[in-house]
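The chain contents come next:
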Amino acid sequence: MSLLEIDNLSIQIRDNRVLVDGVSLTVNEGEIVGIAGESGSGKTVTAMSALGFLPAGATAHGEVRIDGVDLLAMNPKKLRSIRGTEVAMVFQDPMTSLHPMLNIGTQLTEHIRVHQGLGRKAAWARAAELLEMVRLPDPHSALSAFPHRFSGGMRQRIAIASALACDPKLLIADEITTALDVTVQAGILDLLNRLRHETGMAVVFITHDLAVMNVIADRLYVMYGGRIAESGSISQVLNATRHPYTRALIDSLPEGAVLGQALVPIPGEAATPDRRPRGCAFNPRCAFAVDSCRSEVPELRELEVGHSAACTVDPFGSRLDRAQTHRPALSTLEDPHVAS
Amino acid sequence: MSLLEVRDVVVDYKTPGRPAVRAVAGASLEVGAGEIVGLVGESGCGKSTLGRCIVGLQKLSSGTVTLNGVPVTPVGRRVRPQADLGLQMVFQDPYSSLNPRRRIWRQVADGLINNRSDSTTRRTAIELLEAVGLSAADADRYPHEFSGGQRQRIAIARALAPKPSVIVADEAVSALDASTQAQVANTLVDLARDRKMGLLFISHDLSVIRHIADKVAVMYLGRIVETAPTASLWESRLHPYTDALVRAIPSLEPNAPAPVAPSGEVPDPAAPPSGCRFHPRCPVAMERCGTDDPALVMIDDTRAAACWHQPAGGPAVRLASLELQRRPRFDNESERQR
């Protein structure tokens, strides 16, 4: 049994708009699992369900199990006891996730006292210990300081310390390095990696930056239009890519492109819950789309052990050997309509 | 003489009762016609302040900014001199830089020098929207009907309206999704090349700059510490700070090494370190670095650096050769090796 098991989860809001459509995902203990995708792909909504949070007025089908217990069927009181202790979360913007008018100590000790029942002094000592764990310089004086004293990277460390307070088994990290400088990002990635080795905590890491995924995640789920487009180990997804969307995403990155050549953007606009094409949601932007892509929603099929993709055309399947040695750009492949 | 020249710009932010913060401490820069210059640095290094100085949104404490040899007047209550319209800016957040209650063609038309409500104005605005990849059908829409990338295009169209000779793009793609970043960055590059405009592309993301810029200027705590043609910067770095920036970028290569964070935090700009401003974090700092402040000097024909390891006029010293003399590294590195 995995630590987190999301089983065929669908989330709808008003007007029957579907945010997440039949997503299944597992996270094992001590594993860093990435969820990648553009804005509106449903990655945050999926991850939030692991805390039992759904968007306002949403209805959900499927199961979200932590240690085998379904969160969607749980009463609110029980859910509250799980949030923060079993599963904790760190948000994107460290400037807004801390209260500007309370000192760090007050903010860090509040849930330590509630969840672990420690006294004021013991909680304060535990908070200092946490700040030490995330390598904040001078943790004791930091506790009595206010958030404005700290830089973005230091605030994000404090936010991580706060999430670690009750030794969660699973940490949801939603774009936690997106707002930070690369130099600070490198430090946070290093910290997360160290924490999971030291504490055995699992991490769901959400970002649209595949280069960050490459250095931090063990396994990766790529989402598009509320569904999983491709999943597998990090090297399966990034080095033996099978889904045209993943391929296009890699090619659009400055890190993936050839130096001196123009970047290759994905044509068109990303699908959103308001504007989701029929059939495969990616078909209007896909260089390989055939007629059936416009009518049928492709199933997520397992292609190799642990590696799945939802594409009926599978344009890179026959070229797997080549794809493994170097990643061909879309333009270097033959006419997809002939190939399929 | 270059199109845009920035000479020894100093900007102090003064708050009553506090020491002045020197956000820019003597920065010089040139941008030629059709040239794309990337300005890169961490947050708080003064790159945005420098960008705002160039377009006149921020008063200089000392130094000069000239466009075609004419000094740029800071924006005030009076009508801007016609010549200063040649400098336009694209801001980071396309959600707050457009008015949500006005049709987009009218906002683009705001930038036109002869802005009258007639059909010519509308036609010109539509032409500008088409130049950035939007269509005539979009002209009567409101900003909320567009995605972030499209909004940034609208902001670019507005900046193009007065036919500028230099565009300053301050983190113009940073708030966008990875795939949209490429679209908007390509649009800016194509426009700069086609219209022979200079483009100063300010970003914290060296990997984007690497792709679009001809020349890169690296800024640290108010100073420009290295300038170089983009290709040679990627091959080897002259300043240890630039090297630290490059090593912190995560890579897409299979089995890529983990990105390395430079030791320490960015110091408070109100109390910068003595000597070279990077010396407390520098892996190859010498005794001299703590006392003497190095000036930005030309190392060879195209590259300049402000580092005591690099003698003026060259030959350039490879940072790798200094590696052997590195002092004990920061603790997270020993952690990784364990």
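Scanning chain B from N- to C-terminus turns up 10 helices and 12 strands. Here the C-alpha atoms of chain B give a radius of gyration of 21 Å, agreeing with the 20 Å that 2.2 N^0.38 yields for 338 residues. Across chain B, the fraction of contacts at a sequence separation of at least 24, relative to all contacts at a separation of at least 6, is 63%.

Right, let's talk about the overall build of chain A for a bit. What chain A contains, in helices and strands, is 12 helices and 12 strands. For chain A, whose C-alpha radius of gyration is 21 Å, the value lies close to the compact-globule estimate of 20 Å for 340 residues. Counting over 340 residues, chain A shows a buried share of 50%. The long-range share in chain A, meaning contacts at least 24 apart out of those at least 6 apart in sequence, stands at 64%.

A word on the sheet that holds strand β12 (residues 304–305) of chain B. Residues and elements named next belong to chain B. The strand order across the open sheet built from 8 strands is β6-β7-β8-β3-β9-β10-β12-β11, with neighbouring strands paired in mixed fashion. The sheet is open, and its two edges are formed by β6 (87–90) and β11 (297–298), each paired on a single side. Examined bridge by bridge, strand β9 (residues 215–220) and strand β10 (residues 223–229) share 6 bridges and lie antiparallel to one another. Among the inter-strand pairings, A217 is bridged to a residue of β10, identified as T227. Across the sheet, helix α4 (residues 148–160) lies against β6 and β7 (166–170), angled at about 175° from β6, the strand it touches most.

So, on to the confidence of the model for chain B. All names here are of chain B. Taken over all residues, the pLDDT of chain B has a mean of 87, while the share at 70 or more is 95%. Highest mean pLDDT in chain B belongs to strand β3 (residues 36–40) (95); lowest belongs to helix α10 (residues 331–337) (43). Low pLDDT, under 50, characterises residues 327–338; the predicted model gives this stretch 5 contacts beyond four residues in sequence or across chains. Our summary of model confidence lists the complex with pTM equal to 0.83 and ipTM equal to 0.79.

The next subject is the environment of S174 of chain B. All names here are of chain B. The residue S174 is located in the loop between β7 and α5 (178–194) in this model. Owing to 16 C-beta atoms within 10 Å, S174 belongs among the partly exposed residues under this scheme. When the C-alpha positions of S174 and Q92 are compared, they lie 6.9 Å apart, and in sequence the two are 82 residues distant. Other than its neighbours up to four places away in sequence, S174 contacts Q92, S203, H204 and D205.

In this section: the interface of chain B and chain A. Opposite the 35 residues of chain B that make contact, chain A presents 39 residues. When residues of the side of chain B that touches chain A are traced back to their parent elements, those giving at least two are α5, α6 (206–212), α8 (240–247) and α10 of chain B. Looking at the side of chain B that touches chain A, the element that brings in the most residues is α5 of chain B, giving 6 residues.

Another aspect to go through is the pairing of strand β9 (residues 219–224) of chain A. Residues and elements named next belong to chain A. Of all the 6 residues making up β9, 6 are buried; the element is thus mostly covered by neighbouring parts of the structure. As defined by bridge partners, β9 adjoins strand β10 (residues 227–233) across 6 bridges and the pair is classed as antiparallel. Among the inter-strand pairings, R219 is bridged to a residue of β10, identified as S233. Following β9, the chain reverses through 2 residues before pairing antiparallel with β10; G225 in that reversal takes a positive phi of roughly 55°.

On to helix α4 (residues 120–133) of chain A. Residue and element names in this part refer to chain A. The end-to-end C-alpha separation of α4 is 20 Å, in line with the 20 Å expected for 14 residues at 1.5 Å each. Restricting attention to buried positions, one finds in α4 the residues A123, W124, A127, L130 and L131. Buried residues in α4, looked at end-on, bunch into an arc of 115°, giving them a common side. Lining the buried residues of α4 we find α3 (104–116), α5 (139–143) and α6 (152–164). Backbone geometry just after α4 places R135 at a positive phi near 60°.

Residue and element names in this part refer to chain B. For α4, built from 13 residues, the straight-helix expectation of 18 Å at 1.5 Å per residue is met to within 8% by its first-to-last C-alpha distance of 19 Å. Across the 13 residues of α4, 12 count as buried, placing the element largely inside the fold. Turning to α4, its buried residues number three or more, namely G149, Q150, R151, Q152, R153, I154, A155, I156, A157, R158, A159 and L160. Buried residues along α4 sit against β6, α2 (104–109), α3 (119–131), β7 and α5.

With phi around 50°, E175 of chain A is a residue other than glycine that occupies positive phi space. A positive phi angle is found at K163 of chain B, which is not glycine, with a value near 50°. Residue placement: K163 of chain B occurs in the loop between α4 and β7.

In this section: the sheet that holds strand β5 (residues 70–71) of chain B. All names here are of chain B. A sheet is described by the order of its strands in space; here 4 strands give the open sequence β2-β1-β4-β5, paired in antiparallel fashion. Strands with a single pairing partner mark the edges of an open sheet, and in this sheet they are β2 (21–31) and β5. Where helix α1 (residues 47–55) meets the sheet, it contacts β1 (4–13), β2 and β4 (62–67), and its direction lies at approximately 120° from that of β1.

Turning next to the pairing of β4 of chain B. Relative to β4 of chain B, β1 of chain B runs antiparallel, the two being bridged by 5 bridges. Note that in β4 of chain B the partner of R7 of chain B across the bridge is T64 of chain B.

So, about the environment of G63 of chain B. Residue and element names in this part refer to chain B. Mapped onto the fold, G63 is located in strand β4. By the C-beta count within 10 Å, which is 16 here, G63 ends up partly exposed. Once you skip the residues sitting within four places of it in the chain, G63 turns out to touch R7, D8, V9 and V10.

This next bit is on the packing of α4 of chain B against α5 of chain B. All names here are of chain B. Two numbers describe how α4 lies on α5: the axes approach to 9 Å, and their chain directions differ by 15°. The orientation of α4 with respect to α5, classified from their angle, is roughly parallel. Crossing of α4 against α5: the hand is right-handed. When α4 is examined against α5, the residues G148, G149, Q152, R153, I156 and L160 are found in contact with a partner set consisting of T180, Q183, V184, T187, L188 and L191. Class assignment of the residues belonging to the contact of α4 with α5 gives a composition of 5 nonpolar, 6 polar and 1 charged.

Cut-offs and rules
- Residues numbered from 1 in each chain as written.
- Chains lettered and ligands numbered in written order.
- Predicted model: local features only at pLDDT ≥ 70, side-chain atom pairs only at ≥ 80, totals over all residues.
- Helix = DSSP H or I, 4+ residues; strand = E, 2+ residues; numbered from the N terminus.
- Rg over C-alpha atoms; globule rule 2.2 N^0.38 Å.
- Contact = placed C-beta atoms within 7 Å.
- Buried ≥ 20, exposed ≤ 12 C-beta atoms within 10 Å, placed from the backbone.
- Pairing = 2+ DSSP bridges.
- Axes fitted to C-alpha atoms, helices over the stretch in contact; angles between N-to-C directions.
- pLDDT = per-residue confidence, 0-100.
- Expected span 1.5 Å × (residues − 1).
- Arc of directions from axis to C-beta.
- Parallel < 35°, antiparallel > 145°, perpendicular 65-115°, else oblique.
- Left-handed = near helix turned anticlockwise from the far one by under 90°.
- Nonpolar A, V, L, I, M, F, W, Y, C, P; charged D, E, K, R; others polar.

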